[in-house]
Amino acid sequence: MKFTKLAFLSLSLMILAIAPAGGQEAKKRVALLDFDYATVHRWWSGDWDVGKGIADIVVTSLVKDGTYSVIERKKLDAILEEQNFSNSDRANATTAAKIGKVLGVNAIIVGSITQFGFEDKSLNIGGIAGALGGFGGGRVGTKKGKAQVAIDARLVDVNTGEILVVATGKGLSQRSGLLLGGGGGGGGGFGAGGVNMGSSDFQETILGEATRAAVEDLSAQIIAQAGKVVAAAVAIEGLVADVSGGTLIINVGTNAGLAVGMKLSVERVTREVKDPATGQILRKITTPVGGIEIVEADAVSAVAKVLSGEGFKVGDIVKNK
């Protein structure tokens, strides 16, 4: 597998993990790959990626808690597509660590769905998936059923490949009547293309309830062990793109880890030291110009107010202090 094609994308996605203003501890930056579900795939047929569906629910849970900073799905997908990273490798810690380094995160979460279905095989997930289009009233059956879901996950250090955290989330739901929810099997997220596991229709089934319980159990364990993940500092450097009075626009944004409230220094290159034999620049000598604070940021740029200094110019260097 090649990891050399994305030097430019790697830099654009590099995440800054420094202590924010106010002295608070830096958030640990993580990415989560789709869970492997080969073990439970035999229980149904059709286009339903349970591994992706459950991974999306775990991401939502972690983002709501706020202990970790979780990379956006579209950034992760861009890396996976460019690197031709196959689904068969998504539970491989070594390969995942390489992807995590390209993403610039501190750790990457990989795992497997080890249990997903009903205890009564006559009401197993294959029975539901195979007949999704046929249910209109919302009721699959009135027989008492029990659904169980289990998820194994590991947090892998992207620099060493070491497994930092191991967690297993389990969920159980049992009651009479397997309700599909208000819309039934014909809509509201259920259909021939698969199941929207984040939809209310799925969440209201006993399998959905068991999935939610397993996700909550898993997320709680991952959050409780956040101290094992090291938020290594990554240097950030950009340039002043515009100067208007006491306001600067710089050419780096949230993709580089910037956040509102972050304080940066501005420097100016006053001299370049070159190799006398090759002419290659060996070192840039800079002098301080002033300090700024980020007040607004998007993916590729940020607006900052001047805290100190004067005479800022387009092309001045901006870096974390």
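Residues numbered from 1 in each chain as written. Predicted model: local features only at pLDDT ≥ 70, side-chain atom pairs only at ≥ 80, totals over all residues. Heavy atoms only, no water.

**Q** I keep staring at the environment of V40 and nothing clicks. Help me out?
**A** Within the fold, V40 resides in the loop between β1 (28–32) and α2 (50–65). Note on V40: relative accessible area 2%, which makes it buried. It is 8.2 Å that separates the C-alpha atoms of V40 and G117, two residues lying 77 residues apart in sequence. Sequence-distant contacts of V40, defined by excluding residues within four places in its chain, comprise I113, T114, Q115 and F116. (Helix = DSSP H or I, 4+ residues; strand = E, 2+ residues; numbered from the N terminus. Buried < 20%, exposed > 50% of the residue type's maximum accessible area, 1.4 Å probe, protein only. Contact = heavy atoms within 4.5 Å.)

**Q** What am I meant to see in the side chain of E267 here?
**A** Following the sequence through the fold, E267 ends up in strand β10 (residues 263–274). There is a polar contact of 2.8 Å between the side chain of E267 and the side chain of T286. Setting aside residues no more than four positions away along its own chain, E267 makes contact with T286, T287, P288, V289, D316, I317 and K319. (Polar contact = N/O pair within 3.5 Å; in protein donor to acceptor, adjacent residues only side chain to side chain.)

**Q** What's the story with the environment of S219 in this structure? I'm lost.
**A** Tracing the chain through its elements places S219 in helix α7 (residues 206–224). For S219, a relative accessible area of 2% gives the class buried. What S219 contacts, discounting residues up to four positions off in sequence, is V58, S61 and L62.

**Q** I tried to follow the packing of α2 against α7 on my own but got confused; where do I start?
**A** For any two helices packed against each other, the geometry comes down to the angle between their axes and how far apart the axes lie. Running from N to C, α2 and α7 cross one another at 50°; their axes reach a closest spacing of 10 Å. When the axis of α2 is compared with that of α7, the two are oblique. Relative to α7, α2 is oriented so that their crossing is right-handed. Contact with α2, carried on its side by I54, I57, V58, S61, L62 and D65, involves T211, R212, V215, L218, S219, I222 and I223 of α7 and no other residues of that element. Residue classes in the contact of α2 with α7 are distributed as eight nonpolar, three polar and two charged. (Axes fitted to C-alpha atoms, helices over the stretch in contact; angles between N-to-C directions. Parallel < 35°, antiparallel > 145°, perpendicular 65-115°, else oblique. Left-handed = near helix turned anticlockwise from the far one by under 90°. Nonpolar A, V, L, I, M, F, W, Y, C, P; charged D, E, K, R; others polar.)

**Q** What exactly am I supposed to notice about the environment of I236 here?
**A** Mapping I236 onto the fold places it in the loop between α7 and β8 (237–244). Using a relative accessible area of 8% as the deciding quantity, one classes I236 as buried. Taking C-alpha positions, I236 is 5.6 Å from K319, a pair spaced 83 residues apart along the chain.

**Q** I would appreciate a short explanation of the nonpolar core in the present structure.
**A** In summary, soluble globular proteins display a tendency toward joint burial of nonpolar side chains. Counting residues in each nonpolar core, the largest one holds 38 residues, and the members touching the most others are F35, I54, Y68, I113, F116, I151 and I222. Broken down by secondary-structure element, the contributors of at least two residues to this core are β1, α2, β2 (68–70), β3 (107–118), β4 (144–157), β5 (163–176) and α7. No other element matches α7, which puts seven residues into this core. Sequence-distant contacts of Y68, defined by excluding residues within four places in its chain, comprise K27, K28, V30, L62, L155, I222, I223, Q225, A226 and V229. (Core = buried A, V, L, I, M, F, W, Y, C linked by side-chain atoms within 4.5 Å.)

**Q** Help me understand the pattern of salt bridges in this model?
**A** Once the charged atoms of two side chains with opposite charge are near each other, the side chains can pair. Enumeration according to the criterion identifies three salt bridges in this entry. Taking the shortest distance from any N to any O, the salt bridge between D56 and K52 comes out at 3.0 Å. Here K52 and D56 lie together in helix α2, a separation of four residues that amounts to about one turn. Between D316 and R268 there is a salt bridge, with the nearest N and O atoms lying 2.8 Å from each other. Here the residue D316 occupies a position in the loop between β12 (302–309) and β13 (317–320), and R268 occupies one in strand β10, the gap between them amounting to 48 residues. The exposure class assigned to D316 is buried, which follows from its relative accessible area of 4%. (Salt bridge = Lys/Arg side-chain N within 4 Å of Asp/Glu carboxyl O.)

**Q** Any chance you could explain the sheet that holds β8 here in plain terms?
**A** Read around the barrel, six strands follow the order β8-β9-β12-β11-β10-β13 and close on themselves; strand pairing throughout is antiparallel. Neighbour to neighbour, the strand axes of the sheet diverge by 50° on average, direction disregarded. Pairing of β8 with strand β9 (residues 247–250) involves four bridges; the strand directions are antiparallel. Across the sheet, the residue bridging to S244 is T247, located in β9. (Pairing = 2+ DSSP bridges.)

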